[in-house]
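One letter stands for each residue in the lines below.
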Amino acid sequence: MAKVAYEPVFVLLTALILMMGLCWLADARATRLAWVPLAGLWVIVGLAAAEWRVTPDVERLRVYDDGLSRRLVGQVVRVRTLPARAIDADADRGQAWGLTEENLDDTGGVVSVDFAVDKIERITPDVAEMVPVAGLVRVTLYGVRTLPMCGEKIEVELRLKPQERFRDSGAWQYADYLAGKGIGARANAAAAAWRRVGVAPVCIDCRLQAAQAWASGRLIELVDSHANRVLPSEARLSIVDARMLNAMLFGDRTGLNAELRTGFERTGTFHLLVVSGLHVALLAGGVYWVLRRLRVPVWLATLATLGCAGGYAALTGWGLPVQRSVEMVGVYLVARLVGREREPLQALGVAAMVMLLADPGCLFEAGFQMTVLAVVAIAGIARPLAERWLLGYGKAARMVFRPRRGQMEPRLAQLRLSLEMMGEQTGWLLGGWGRRVPAWVVRGVIGSGELALIGAVTELVMALPMALYFHRAVVFALPANLVVIPVVSALALAAVGTFVGALVSPWVALAPAAVTAVLLHGVTAVIGRLSGLEWAEVRVPGPSWGVALVALGALGGCCWAVRRGRWWAAAVVVVLPGMAAMVLWPRAVQRTAGLLEVTALDVGQGDSLLVVGPEGRTMLVDAGGPIGAHGQAEVVSGFDVGEEVVSPYLWSRGVKRLDVVVLTHAHTDHMGGMPAVLESFRPRELWVGIDPASALYRALLAEAARLGITVRHLAADDALRWDGVDVYALSPAVGYRNAGAPRNDDSLVLRMQYGKASVLLEGDAEKASEQAMVDAGRIGPVTLLKVGHHGSNTSSTAEFLAAARPWDAVVSSGKANPFGHPRGEVIQRIAAGGTHLFRVDEFGATSFLLSADGRVREVAGFGELPAGGR
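Only a predicted model underlies this, so the values are computations on that prediction, with no experimental measurement involved.

Student: Would you mind showing me how to read the sheet that holds strand 16 (residues 725-731) here?
Tutor: The pairing of strands in a sheet comes from backbone hydrogen bonds and takes either a parallel or an antiparallel form. Across the sheet, which stays open at both edges, the 7 strands sit in the order 15-16-17-18-19-20-21 with mixed pairing between neighbours. In this open sheet, the two strands that pair with only one neighbour each are strand 15 (719-722) and strand 21 (836-839). Within the sheet, the average angular offset between the axes of one strand and its neighbour, ignoring direction, is 20°. Alignment of strand 15 against strand 16, held across 4 bridges, turns out to be antiparallel. Note that in strand 16 the partner of Ala719 across the bridge is Tyr728.

Here it is as structure tokens:
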């Protein structure tokens, strides 16, 4: 009998009707069990929303990312000015996709443009024709003198870049981030190639982006004004200050530098640096309070407040925390308007429901989970604890010298009586106003205690997502937030005054700008001092999903227990720290005991290998990084492969601290990710070869000294024992020196011998270095070879391969890299010797497990490879 295929819509509607019937039946016959079908109804509605959600098709442009120059016609839908910088690693400088030294204008600005394609040139061996296609391309324009405008129809020639994906466990994927915004391809272009051919209607998103850029520009202009320059430095806004304010007020993060971001991240206060739910709540509360003081009717004040909050949220980018805050504000104000109970957790439930119906996929996003957990921590746990232990005393303090109304608990009545007696004494000394001084002191202490309790509970609850998604355990988050949050409220008010004043005249903005600068400089000084402490944060592997589920169950139990009674509430004080300790407790490194593991990571056009010894010690050889002319700071882009790719992989394996880090040579595609690795994993030793003339290399050695890492220089004939493995340095030769810029032949070449199994790690050694090692008799047969210089024809000579006779070889190179690595002639030479070749650009992260009897087993990141194990 043929199988019947049912449409998802039919199945979902049927299940929806049946579940609604069960809800009605449970409500009529078994009210206590009604939550079961109600939960099922919620799941079905979520599945329906996911099924009917319209998602952008990002695959249509993928067939055109073949590196050919094509003509595209479309419309500008987003424009964002980027901070002034030279070409970053993404452009590959001389190998840029469609951008060369000849057509690059370094004197103009750099602009990111989202380009909605209408037509694209299809190129075949016989004909080139324009064909219709729909999709978004993110283009980085260089040498821009006149900004593109939203709605412009553009014709441009581009080379669409392949979307780079790092196939390593835990790696952050920029391609997925772009796909979530509907962007299917990227490209670089010179502004001279950008030709305006018409105008089309402007979309609302582009108008909002333009409004955000305009608002940000007003603060930048204020910094450059004569009025600002006459202020003393402590009260003068700098360009860095203006960029911080743009992030705080308008959600424009493009100007934030890495050092500033890191300082706030290390102290758990980054939420204060950007637009968050707190900012929306402050704005809504301020607007509603002012309108009511002006005696505006409640219904009109409610509508105006919701309009202001919604408009501000749209201006700042409508992020998930902002969405949650706007929707909770809406529920709160409407409940107040109709005279219903205002319960924060109920408002959170409504907000979460709306967000999930609009985008069911946000359930799995860190932003959604963190904003929901933050409210649960405050409203679901901290607030009930404060009401049980603190707020009653605060109420008693507020009732001092006021008419007695109703009954009061004996302990609270005693406090009130004591404060009145003390008030009589202080009133005799200070006058009439002094009668309330003791009550004010008690209220201040209780308020501080409430703030500390809320902060402590929030940090304990947020330990789970912070460890899971950001691998951070922030030590000073509580004191930092206690100091900074009260100041930020005043700072936000002063910043708004500064912006409004700047719209009129820089001189009008002078007074609020001075206040803003003083407060901002105070906040950054406190954050800078705390973040500079050595143990301001601890980087940790994320917990397993089993531990995460147990932690979530404990969190739900705490929300229930805190409302049950005094002893249940006391138990919460024990459970919450226990939950945080369970989340942060180090787990064992994932390894195969008794085997030597070498894993080549997928870091694009770079090198990075993890070596795990038979007894469990860990070694990282190189850490990837951007390609480009070495020694130029501009080759380092905003994307840090050490932080975003290498470190997440190590954390996914349970690595908390590395024993050894090896830098083969000081080129950025091997060293670029190293600073982040040293900072996060604090290795005991750093092994290097020679010291070339490189500012970035010297900075790396200085960072190692700051972190207390022992630097060990190795040269040919050096030998040492590491974790049951004999390690021999084969190159550079003892007399080798390089007083100039780093070269590939500087590479530190290592041979690792574990019983009968051996590994040769070649770095980027080229023909001269290979020949010197062969002539000195240092190269012998090996089990595994890490192919030199990404498979370039400058390495892997026939004589060298004949001496090494590797059973397996692995080459690390970027997919569709502009250099053609690994080169065809190198692949042929390796194949001619009967060696099994594994390419990271094809397989992703690839592991080799070597046993002492000489056997090797190969495993890819997504399963066992179909080749060569013995």
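Student: Just to check I follow, could you spell out the state of the cysteines for this structure?
Tutor: Throughout this description, disulfide means a covalent bond between two cysteine sulfur atoms. According to the stated counting rule, one finds 1 disulfide in the structure shown. The disulfide bridge from Cys150 ends at Cys206, spanning 1.7 Å between sulfur atoms. Disulfide Cys150 to Cys206: torsion about the S-S bond roughly -80°, handedness left-handed. In this pair, Cys150 sits in the loop between strand 3 (128-144) and strand 4 (152-159) while Cys206 sits in helix 4 (residues 204-223), placing the two residues 56 residues apart along the sequence. Looking at Cys362, it has no disulfide partner, and the nearest cysteine sulfur is the one in Cys559, 20 Å off. For Cys362, a relative accessible area of 1% translates into the label buried. Looking at Cys558, it has no disulfide partner, and the nearest cysteine sulfur is the one in Cys559, 7.1 Å off.

Student: Can you help me understand the pattern of salt bridges in this one?
Tutor: Two side chains bearing opposite charge may form a pair once their charged atoms approach each other closely. This structure, assessed with the given rule, holds 35 salt bridges. Across the salt bridge formed by Arg682 and Glu679, the nearest N and O atoms sit 3.1 Å from each other. Classification of Arg682 by relative accessible area gives buried; the value is 13%. Among the charged side chains, a salt-bridge network with shared partners connects Glu265, Arg266, Arg472, Glu537, Glu679, Arg682, Glu703 and Arg706.

Student: Can you walk me through the nonpolar core in this structure?
Tutor: Side chains that are nonpolar tend, in soluble globular proteins, to be buried together. Counting residues in hydrophobic clusters, the biggest one holds 44 residues, and the most contacted among them are Phe368, Ile381, Leu385, Val457, Val461, Val572 and Leu576. For this core, the leading source of residues is helix 13 (residues 366-389), giving 13 residues. Apart from residues no more than four positions distant in its own chain, Leu385 is found in contact with Leu390, Leu453, Val457, Val562, Ala569 and Val572. Counting residues in each nonpolar core, the second largest holds 34 residues, with Val223, Ala247, Leu315 and Ala495 among its members.

What counts and how
Residues numbered from 1 in each chain as written. Predicted model: local features only at pLDDT ≥ 70, side-chain atom pairs only at ≥ 80, totals over all residues. Heavy atoms only, no water. Pairing = 2+ DSSP bridges. Helix = DSSP H or I, 4+ residues; strand = E, 2+ residues; numbered from the N terminus. Axes fitted to C-alpha atoms, helices over the stretch in contact; angles between N-to-C directions. Disulfide = S-S within 2.5 Å. Buried < 20%, exposed > 50% of the residue type's maximum accessible area, 1.4 Å probe, protein only. Salt bridge = Lys/Arg side-chain N within 4 Å of Asp/Glu carboxyl O. Core = buried A, V, L, I, M, F, W, Y, C linked by side-chain atoms within 4.5 Å. Contact = heavy atoms within 4.5 Å.

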